[in-house]
Amino acid sequence: AIPLVNAKSTSIGAKNGLLIRNRNVISVSSKINYLLMDKTGTLTEGKFQVRKCDSLNESVSPIEALKLIASIEQDSTHPIAKSILQYAHEKQIELLPLSESKNISGKGVSGVLSGKEYLLVNEKAAREIITNFPTIDVADYTTSYLIQDKTLIGYVAVGDQVKSSASSLIKQIKQLNITPVMLTGDNKKVADSIAKKLGITEVYSELMPEDKQKIVAKLQSEGNKVMMVGDGINDAPSLAKADIGVAIGAGTDVAVDSADVVLVNSEPTDIISFLKLAQNTQKKTV
Ligand code: ADP
Ligand code: MG
């Protein structure tokens, strides 16, 4: 049977934008001392916009570079892909037929266009393929590089916006003596820039999906109680591993299914409402 106080708190939670899927986590909430947060879609809107797109090869025009980049993204559901396809659509670019498209976990995508195999990957992965990697001014944007036969063809730089309430979440988390940590598959420059804006000093970037789970496990092995919040497929293993896994409501079904708590309105500060609600519930039970 569900203790009455817990049952009541669950319905109060529903009114506050919280869906508590696993009531057992209420008892650990007062012991949480780390809040791990995914960047894209959790602290940021996860709605990218193309800021720059250009050719890096004499034989390809800037518009052809965009055409190839957008064509390679046709089958991807990644928020970066969506922004590139939207941009190409606005520029009335006709896409090339894409075959053998693959998702390269934590790095990008690959596929065949006009009989040639292309890769569109982040800078870290691109540097492993291209020697004499050029210096390109992409500010603190998330940048992906188009490669064909170990040759750089072009690049696309996209930007995202920090959620308006994200810095308020960080301030309140620190007041509760909980250490905020940011985790992301994105590059170090973007990660550090957003962390600085939000007042987060512990940042892990360029992570592979399995790395996020390893970080949760390491903190737990040192005796910490970890709450993790995320929205993506790549966050699901770490949400399951955390003492309390929290999913963003607008996130993927896989993340929601792995979480103990869902932020129905995708509002990061509802984490504070959850912690307060859980603590009040605890006081009433004892
Ligand atoms: P995160 O959601 O934390 O940014 P991902 O694992 O989804 O992490 O992606 C890591 C990085 O790989 C992205 O920041 C991006 O640079 C690159 N990437 C992943 N998928 C794509 C894609 N479809 N198109 C372009 N770049 C991608
Ligand atoms: Mg994400």
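Note that the coordinates shown come from a computational prediction; the quantities given were computed from them, not determined experimentally.

Draft legend 1. A look at the overall build of the protein chain. Secondary structure summary: the protein chain contains 11 helices and 13 strands in total. Taken over C-alpha atoms, the radius of gyration comes to 21 Å for the protein chain, in line with the 19 Å a tight globule of 286 residues would show. If one aligns the C-alpha atoms of the protein chain with their principal axes, the spans along those axes are about 75 × 30 × 30 Å. When burial is assessed residue by residue, the protein chain has 43% of its 286 residues classed as buried. The contacts in the protein chain between residues at least 6 apart in sequence include a share of 60% that link residues at least 24 apart.

Draft legend 2. Examining the site of ligand 1 more closely. In the vicinity of ligand 1 there are 22 residues, among which His78, Asn122, Ser144, Gly185 and Asp186 approach most closely. Where the shell around ligand 1 is concerned, the elements lending two or more residues are helix 2 (39-43), helix 4 (79-90), strand 5 (108-113), strand 6 (116-122) and strand 7 (142-148). In terms of residue class, the shell around ligand 1 is built from 5 nonpolar, 12 polar and 5 charged.

Draft legend 3. Examining unusual backbone geometry more closely. Despite not being glycine, Asp149 has its phi angle at roughly 50°, a positive value. A count of 9 C-beta atoms within 10 Å places Asp149 in the exposed class.

Draft legend 4. Molecular detail of the pairing of strand 6. Counting buried residues in strand 6 gives 5 out of 7 residues, a clear majority hidden from the surface. Both strand 5 and strand 6 contribute to a ladder of 6 bridges, which runs antiparallel. The residue bridging Leu113 from the neighbouring strand is Lys116, located in strand 6. Linking strand 5 to strand 6, which pair antiparallel, is a turn of 2 residues; within it Ser114 sits at a positive phi near 45°.

Draft legend 5. Structural context of the domain arrangement of the protein chain. Taken as a whole, the protein chain is organised into domain 1 (4-45 + 162-285) and domain 2 (49-159). Here domain 1 and domain 2 have C-alpha centroids that lie 32 Å from each other. Counting residues at the interface gives 12 residues for domain 1 and 9 residues for domain 2. Counting residues per element, the ones that place at least two in the side of domain 1 that touches domain 2 are helix 2 and helix 7 (188-198). Among the elements that take part in the side of domain 1 that touches domain 2, helix 7 stands out by supplying 3 residues, more than any other. Within the side of domain 1 that touches domain 2, the residues separate by chemical class into 3 nonpolar, 6 polar and 3 charged.

Draft legend 6. The packing of helix 3 (residues 62-72) against helix 4, seen in detail. Viewed as axis vectors pointing N to C, helix 3 and helix 4 meet at an angle of 135°, and their least axial separation amounts to 9 Å. On the basis of the axis angle, helix 3 is oblique to helix 4. Here the hand of the crossing between helix 3 and helix 4 comes out left-handed. The segment helix 3 lies against helix 4, with Leu66, Ile69 and Ala70 engaging Ile84, Leu85 and Ala88. Broken down by class, the residue content of the contact of helix 3 with helix 4 amounts to 6 nonpolar, no polar and no charged.

Criteria and thresholds
Residues numbered from 1 in each chain as written. Chains lettered and ligands numbered in written order. Predicted model: local features only at pLDDT ≥ 70, side-chain atom pairs only at ≥ 80, totals over all residues. Helix = DSSP H or I, 4+ residues; strand = E, 2+ residues; numbered from the N terminus. Rg over C-alpha atoms; globule rule 2.2 N^0.38 Å. Buried ≥ 20, exposed ≤ 12 C-beta atoms within 10 Å, placed from the backbone. Contact = placed C-beta atoms within 7 Å. Near = placed C-beta within 6 Å. Nonpolar A, V, L, I, M, F, W, Y, C, P; charged D, E, K, R; others polar. Pairing = 2+ DSSP bridges. Domains from an automatic or database assignment. Axes fitted to C-alpha atoms, helices over the stretch in contact; angles between N-to-C directions. Parallel < 35°, antiparallel > 145°, perpendicular 65-115°, else oblique. Left-handed = near helix turned anticlockwise from the far one by under 90°.

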